[in-house]
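Next come the chains, spelled out residue by residue.
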Amino acid sequence: MWDSLIIGSGPAGLGAAIYGKRAGLSVLVAEKEYMGTGQIAESGQVDNYLGLVGKSGYDLGEIFLEDAKNLGVEFYEGEAVAFEKKENGWSVSFENGEVIEAKTVIYGAGAKHRPLGLPEEADYAGKGISYCAICDGAFYKKKVTAVIGGGDVAVEDAIFLAGLCEKVYLIHRRDSLRAAKSLQEKLFTLPNVELVWNAAVEEITGEAFVTGVQLLDTQTKEERFVAADGIFIAVGIQPVSESFKSLVKTDEAGYICAGEDCCTSVPGIFAVGDVRTKKLRQIVTAVADGANAVNSVQEYFQTR
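Because the structure is a prediction, the values reported are computed rather than measured. Along each chain, residues carry numbers from 1 onward, in the same order as the chain's sequence is written. It should be noted that, the model being predicted, local features are given only for residues of pLDDT at least 70 and side-chain atom pairs only at 80 or more, the latter also being counted only at that level, while totals for whole chains, interfaces and linings use all residues. The side-chain quantities take in all heavy atoms of the structure and omit both hydrogens and water.

Attention shifts here to the overall build of the protein chain. For helices the rule is a DSSP run of H or I covering at least 4 residues; for strands it is a run of E covering at least 2, with both sets numbered from the N terminus onward. Along the protein chain, the regular secondary structure elements total six helices and 17 strands. Counting only C-alpha atoms and orienting by the principal axes, one finds that the protein chain spans roughly 65 × 40 × 30 Å. For the exposure calls, accessible area comes from a 1.4 Å probe over protein chains only, and a residue counts as buried if that area is under 20% of its type's maximum, exposed if over 50%, partly exposed in between. Buried residues in the protein chain amount to 47% of all 304 residues. Contacts: residue pairs with any heavy atoms within 4.5 Å of one another. In the protein chain, the proportion of contacts linking residues at least 24 apart, taken out of those at least 6 apart, comes to 57%.

As structure tokens, this is what we get:
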């Protein structure tokens, strides 16, 4: 039986693994993606992580992963689907039928891309609709694309695509962006990016592949059609907490209720990273969660 089973190998999970290993705990990291490092791998460039400015998200994730491996952290490939309380800990079942037991669980499965909620999204997934510019941008070299959203990810996607595409539309439902000022300043210098303000997406059109997006101006109520070969949706994230909702307390959006100590409503279960309730979801706060969770695990053992 492991001292801690860590679900997810993003920055939060790897941070917990490193701090747990250094604390002398036996830890196992379970990750459904082969040697995955979470959503960080989809970031083209990370400019806000201390000491490693300018690294791609993929490279930064690999550095985190290498640190964990060098400490002797063990990994297991599989998706956790069920959790059962036992007398001396937890029994965690995986999709392949295997069961792993641990005294505590540190849950850091993160978040996934939020869809727009349009019925045609499923029809055009992989046929012109994407949620990751870094992953799929190369398919649209010298073509026309549209990014939907106004936060950091949307602006980063537009900047990345501008280096590949003939033209990029950035479509936002408001009249100002939520992204960091530094990103906005860079975006506004790009001649092949056109911003479409106050635009609500009514429909994504297509035949065999996407042909464009039908918009409604939220102010004038005028309709507009934007022709595009690819649509990149970047309208936020939603927590991967489905298997946990019946076990611990969550908020209305599905985020696991946990404070800076990462303690959930159930003793022995800790939540870290994007999946927990918090004001700021960044790499630095995810790594900090990993350290805080291990401290809470140690306190948990001391009180038992």
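Turning to the sheet that holds strand 13 (residues 210-217), a few remarks are in order. Strand pairing is defined by DSSP finding a minimum of two bridges between the two strands. Across the sheet, three strands lie side by side as 12-13-14; this open sheet has antiparallel pairing. Among the strands making up the open sheet, the edge pair consists of strand 12 (199-206) and strand 14 (223-227). Adjacent strand axes in the sheet meet at a mean angle of 25°, parallel and antiparallel pairs treated alike. Pairing geometry for strand 13 and strand 14, over five bridges, is antiparallel. Looking across to strand 14, one finds that Gln214 is bridged to Phe225. In this analysis an axis means a line fitted to C-alpha atoms, helices contributing only their contacting stretch, and an angle means the value between N-to-C directions, from 0 to 180 degrees.

Count a disulfide wherever a pair of cysteine sulfur atoms falls within 2.5 Å. Counted under the stated rule, the structure contains one disulfide. One disulfide in the model links Cys132 with Cys135; its S-S distance is 2.1 Å. Handedness of the Cys132-Cys135 disulfide follows from its S-S torsion of about 70°: it is right-handed. Distance from the sulfur of Cys257, which forms no disulfide, to the nearest cysteine sulfur (Cys263) is 13 Å. Cys262 supplies the cysteine sulfur nearest to Cys263, a cysteine that is in no disulfide, at a spacing of 7.5 Å.

In the contact formed by helix 4 (residues 152-162) and helix 5 (residues 181-188), the axes pass within 10 Å of each other and the chain directions differ by 30°. The angle between helix 4 and helix 5 falls in the class roughly parallel. Here helix 4 and helix 5 pass one another in a crossing that is left-handed. Contacts between helix 4 and helix 5 pair Asp152, Val155, Glu156, Ala158 and Ile159 from the former with Leu183, Gln184, Lys186 and Leu187 from the latter. An angle below 35 degrees is read as roughly parallel, one above 145 as roughly antiparallel, one from 65 to 115 as roughly perpendicular, and any other as oblique. Throughout, a crossing is termed right-handed when the near helix is turned clockwise from the far one, and left-handed when it is turned anticlockwise from it by less than a right angle.

Another aspect to go through is the layout of surface pockets. Using protein atoms alone on a 1 Å grid, points that fit a 1.4 Å probe yet trap it form a cavity, whereas open point sets bounded by protein on both sides within 12 Å along at least five of seven lines form a pocket; residues with an atom within 4 Å of a point count as lining. Grid points are joined across faces, edges and corners, and a volume is the space filled by probe spheres set on the points. Here the second largest pocket defines a volume of roughly 260 Å³. Sort the elements by how many residues they give to the lining of the second largest pocket and strand 12 lands first, with three residues. Residues of the lining of the second largest pocket, tallied by class, amount to eight nonpolar, three polar and three charged. As a working rule, the residues Ala, Val, Leu, Ile, Met, Phe, Trp, Tyr, Cys and Pro are called nonpolar, Asp, Glu, Lys and Arg charged, and the rest polar, with Gly in that last group.

Turning our eyes to something else, we now look at the environment of Pro11. Among the structural elements, Pro11 can be located in helix 1 (residues 11-22). Judged by its relative accessible area of 12%, Pro11 is buried. Sequence-wise, Pro11 and Gln282 are 271 residues apart; in three dimensions their C-alpha atoms are separated by 9.5 Å. Setting aside chain neighbours within four positions, we find Pro11 in contact with Thr37, Ile40, Phe64, Ile283, Ala286 and Val287.

As judged from the five bridges shared by strand 1 (residues 2-7) and strand 6 (residues 99-107), these two strands associate in the parallel manner. Bridge pairing in strand 6 links Ile7 to Tyr107. The pairing of strand 5 (residues 89-94) with strand 6 spans four bridges and is antiparallel. Across the sheet, residue Ser91 finds its bridge partner in strand 6, namely Glu101.

Now for helix 2 (residues 57-70). In this model helix 2 runs 20 Å from its N-terminal to its C-terminal C-alpha over 14 residues, within 8% of the 20 Å that 1.5 Å per residue would give. Of the surrounding elements, those touching the buried residues of helix 2 are helix 1, strand 3 (74-77) and helix 6 (283-303). Looking one or two residues beyond helix 2, the residue adopting positive phi is Gly72, at roughly 90°. Here the expected length of a helix is defined as 1.5 Å per residue gap, with one fewer gap than residues.

A few words now on the packing of aromatic side chains. Here a Phe, Tyr or Trp ring, Trp counted by its six-membered ring, pairs with any other such ring whose centre lies within 6.5 Å, and the pair is stacked when the planes are under 30 degrees apart, edge-to-face when over 60, and tilted otherwise. Under the criterion given, the structure shown has eight aromatic pairs. Ring geometry for Tyr76 versus Phe94: centroids 4.9 Å apart, planes at 70°, classification edge-to-face. With a gap of 18 residues between them, Tyr76 in strand 3 and Phe94 in strand 5 connect regions that are remote in the sequence. Each member of the pair, Tyr76 together with Phe94, is buried. Its guanidinium or amino end placed over the ring of Trp90, Lys85 lies 5.4 Å from that ring's centre, counting from NZ or CZ. To sit over a ring, a charge needs its Lys NZ or Arg CZ within 6 Å of the ring centre and within 35 degrees of the ring normal. The aromatic ring of Tyr255 is capped on one face by Arg281, whose charged end is 3.9 Å from the ring centroid.

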